[in-house]
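# A closer look at the structure
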Amino acid sequence: MAAGDFTNVRVESNTFDSATIRYTYGSTGEVTLWRATSSGGSYTKIQTIPAAYGSYPTLVDVTVSAATIYYYKLSDDNGST
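Quick caveat, the model's predicted, so the values are computed rather than measured. Counting of residues starts from 1 at the beginning of each chain's written sequence and follows it residue by residue. The predicted nature of this model means local features are confined to residues of pLDDT at least 70 and side-chain atom pairs, given and counted, to a pLDDT of 80 or more, with totals for whole chains, interfaces and linings taken over all residues. The side-chain values count all of the structure's non-hydrogen atoms but skip hydrogen atoms and water molecules.

### Describing the confidence of the model for the protein
Do not read the predicted coordinates in detail wherever pLDDT is low. Short version of the rule: Every residue carries a pLDDT, the predictor's confidence in it, which falls somewhere between 0 and 100. Runs of H or I in DSSP of at least four residues are treated as helices and runs of E of at least two as strands, each being numbered from the N terminus.
On average, residues of the protein carry a pLDDT of 90, and 95% of them reach 70 or more. For the protein, strand 1 (residues 6–15) is the element with the lowest average pLDDT, namely 93, and strand 3 (residues 31–36) is the one with the highest, namely 95.

### Considerations on the sheet that holds strand 2 (residues 18–25)
Operational definition: Think of it this way: DSSP has to see at least two bridges between two strands before they count as a pair. As a rule, the C-alpha atoms of each element are fitted with a line to give its axis, helices using only the stretch in contact, and angles between N-to-C directions run from 0 to 180 degrees.
Taken in spatial order, the 3 strands of this open sheet run 1-2-5, and their pairing is antiparallel. Among the strands making up the open sheet, the edge pair consists of strand 1 and strand 5 (59–61). With strand direction ignored, the average angle separating the axes of adjacent strands in the sheet is 20 degrees.

### Digging into the sheet that holds strand 3
An order of 4-3-6 is seen for the 3 strands of this open sheet, with the pairing classed as antiparallel. On the outer flanks of this sheet lie strand 4 (44–49) and strand 6 (71–75), each paired with one strand and no other. This sheet shows a mean twist of 20 degrees between the axes of neighbouring strands, independent of strand direction. Looking at chain direction, strand 3 and strand 6 are connected through 5 bridges and run antiparallel. If you follow tryptophan 34 over to strand 6, its bridge partner there is lysine 73.

Have a look at this one:
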């Protein structure tokens, strides 16, 4: 993953049970959304967009709980970075 592949990353919670992740991706690989419940904690894979999909849509995490802080990362190298 190049340092500038993901830009303009934003996370919004508009309801108590979902979070919307918007981003711009400047490459063509598989994109995976990861989530943790603590800073520096263990990340769990939430969603994957295959490279063959052709575009990189907004992601929505509908497995969140109210009053919980989540940490997200986007990766195109299976979560290594």
